[in-house]
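Below, each chain spelled out in residue letters.
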Amino acid sequence: MSENTAPLPDFTRWPSFPFEGDMRVKKLAPPVDVEPPRSGEDASECVSCSTHDDAYIWVSERWRVRAMDRPTGLPMVLILECRSHLDLGDLPNLLAAELGVMTVRLERAIRSLDGVARVHVNRWGDGSAHLHMWFLARPYGRLQLRGTFLSLWDDILPVIPEAQWRENLALVAAWLADFGGKANAEPAHIAWESPSTLTVPIPTATAAAEKEQATDDSPRPQTLGDVQAASAAAEAEVRATEATPGNPRSTPAQRQPSDELAAEPADTESRSA
């Protein structure tokens, strides 16, 4: 079997071409006499027609927008479909005119997302008979992704975080809903985390003293005499308590010499003067 040595086309040397290394051009298969039917040629078997509105991020009376079933490498990949089981060339004038409006509106909505530089709009139509337009967002600053190979890069790039993907879907759906229709997409819910137990602080002696000081409503002493008078009053109260019958502290053996020295408020007051 002879080896295919056809020269590689120029686009394999473009900066946007996603592959490198040794490659060969596939041998071109002969044409078929009758092309096979596309998916959904019969409206009763069309997947798009049988899919409920809940599977779309935005719906209206005549149009619906759906996303992939999971995040991909690009910031956003969306598909615009008409509700009627029609292909592009079968659209009546009303839907044809609205297709232009919807294309511009959806392109603007996707381009409003953070980190999106351009939005590529494509229609291939070889896989499904139901009209569907592809919208692919190119990340800002990724010049290597410019051009016709953006759809290939979508399968090569690392997958974006799901939370960011869902937030982008919700923003686009809300943007479209401002002009009518219904937005079905919602941003990812915040995963709140709470401690399993509550830690109650244990009171300390210092904290108790600070609290007692903060709640003390007694007037603050202003002079040395006030301090000495307060000490004398406190000593008198102690003496009265110890003299109470039945109090073990009222015995003379438990009295301290310092107690006798502190019980002279008048003499102390004269010395301080």
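Here the residue numbering is sequential within each chain, running from 1 through the sequence in written order. Whole-chain, interface and lining totals are the exception, using all residues; otherwise, since this is a predicted model, local features are given only for residues with pLDDT of at least 70 and side-chain atom pairs are given and counted only at 80 or more. Hydrogens are left out, water is left out, and the side-chain values use all remaining heavy atoms of the structure.

Caption draft 1: Examining the overall build of the protein chain more closely. Each helix and strand in the protein chain was counted, giving 8 helices and 6 strands. Numbering of helices and strands runs from the N terminus, with a helix taken as a DSSP run of H or I at least four residues long and a strand as a DSSP run of E at least two residues long. Each helix and strand of the protein chain, ordered N terminal to C terminal, gives the series α-β-β-β-α-β-β-α-α-β-α-α-α-α. In this scheme, a residue with accessible area under 20% of its type's maximum is buried, one over 50% is exposed, and one in between is partly exposed, where area comes from a 1.4 Å probe on protein chains only. For the protein chain, the residues scored as buried account for 27% of the 273 residues in total. Note on definitions: a residue-residue contact is assigned when non-hydrogen atoms from the two residues lie within 4.5 Å. A separation of at least 24 residues holds for 59% of the contacts in the protein chain among residues at least 6 apart in sequence.

Caption draft 2: Fine view of helix 2 (residues 93-111). In a helix, the anticipated span is given by 1.5 Å times the number of residues less one. Between its first and last C-alpha atoms helix 2 spans 27 Å; for 19 residues at 1.5 Å apiece the expected length is 27 Å, and the two agree. Every buried residue of helix 2 is accounted for by Leu-95, Glu-98, Leu-99, Met-102, Thr-103, Leu-106, Glu-107, Ala-109 and Ile-110. Buried residues in helix 2 make contact with strand 1 (58-59), strand 2 (63-67), strand 3 (77-82), strand 4 (116-122), strand 5 (132-139) and helix 4 (162-177).

Caption draft 3: Geometry of the confidence of the model for the protein chain. Here the protein chain averages 81 in pLDDT, while 68% of its residues score no lower than 70. Every residue carries a pLDDT, the predictor's confidence in it, which falls somewhere between 0 and 100. Low confidence marks residues 249-273, where pLDDT is under 50. Its contacts with residues over four positions away, or in another chain, come to 19 contacts.

Caption draft 4: Quick peek at the packing of aromatic side chains. Ring pairs are drawn from Phe, Tyr and Trp, using the six-membered ring of Trp, whenever the two centres fall within 6.5 Å, and their geometry is named by plane angle: stacked under 30 degrees, edge-to-face over 60, tilted for the rest. On inspection of all chains with the given rule, the structure shows 8 aromatic pairs. The interplanar angle of 80 degrees and the centroid separation of 5.4 Å between the aromatic rings of Phe-17 and Phe-149 together place this pair among those described as edge-to-face. Separated by 132 residues along the polypeptide, Phe-17 in the segment before helix 1 (47-50) and Phe-149 in the loop between strand 5 and helix 3 (150-154) bring together distant segments of the chain. Note on accessibility: Phe-17 and Phe-149 belong to one class, buried. These aromatic residues form a ring-pair network of at least three members: Phe-11, Trp-14, Phe-17, Phe-19 and Phe-149.

Caption draft 5: Highlighting the sheet that holds strand 4. On the basis of which strands lie adjacent, the open sheet formed by 6 strands has the order 4-5-3-2-1-6 and antiparallel pairing. Since the sheet does not close on itself, it has two edges, and those belong to strand 4 and strand 6 (182-183), each with one partner. Pairs of strands are assigned from DSSP output, requiring at least two bridges between the strands. The pairing of strand 1 with strand 2 spans 2 bridges and is classified as antiparallel. Of the residues in strand 2, the one forming a bridge with Trp-58 is Val-65. All axes here are fitted lines through C-alpha atoms, helices being fitted over the stretch that makes contact, and every angle between N-to-C directions spans 0 to 180 degrees. Sheet strands in contact with helix 2 are strand 1, strand 2, strand 3, strand 4 and strand 5, and its direction is about 155 degrees off that of strand 4.

Caption draft 6: Main features of the pairing of strand 5. Of all the 8 residues making up strand 5, 7 are buried; the element is thus mostly covered by neighbouring parts of the structure. Where strand 3 and strand 5 come together, 5 bridges link them in antiparallel fashion. In the strand pairing of strand 5, Ile-79 is matched with Trp-134. As paired elements, strand 4 and strand 5 share 6 bridges and run antiparallel to each other. Residue pairing for strand 5: Val-119 is matched across the bridge by Ala-137.

Caption draft 7: Helix 4, seen in detail. Compared with the 22 Å implied by 1.5 Å per residue over 16 residues, the 22 Å span of helix 4 between its first and last C-alpha is a close match. Of the residues making up helix 4, those classed as buried are Trp-165, Asn-168, Leu-169, Ala-170, Val-172, Ala-173 and Leu-176. Of the surrounding elements, those touching the buried residues of helix 4 are strand 1, strand 2, strand 3, helix 2 and strand 6.

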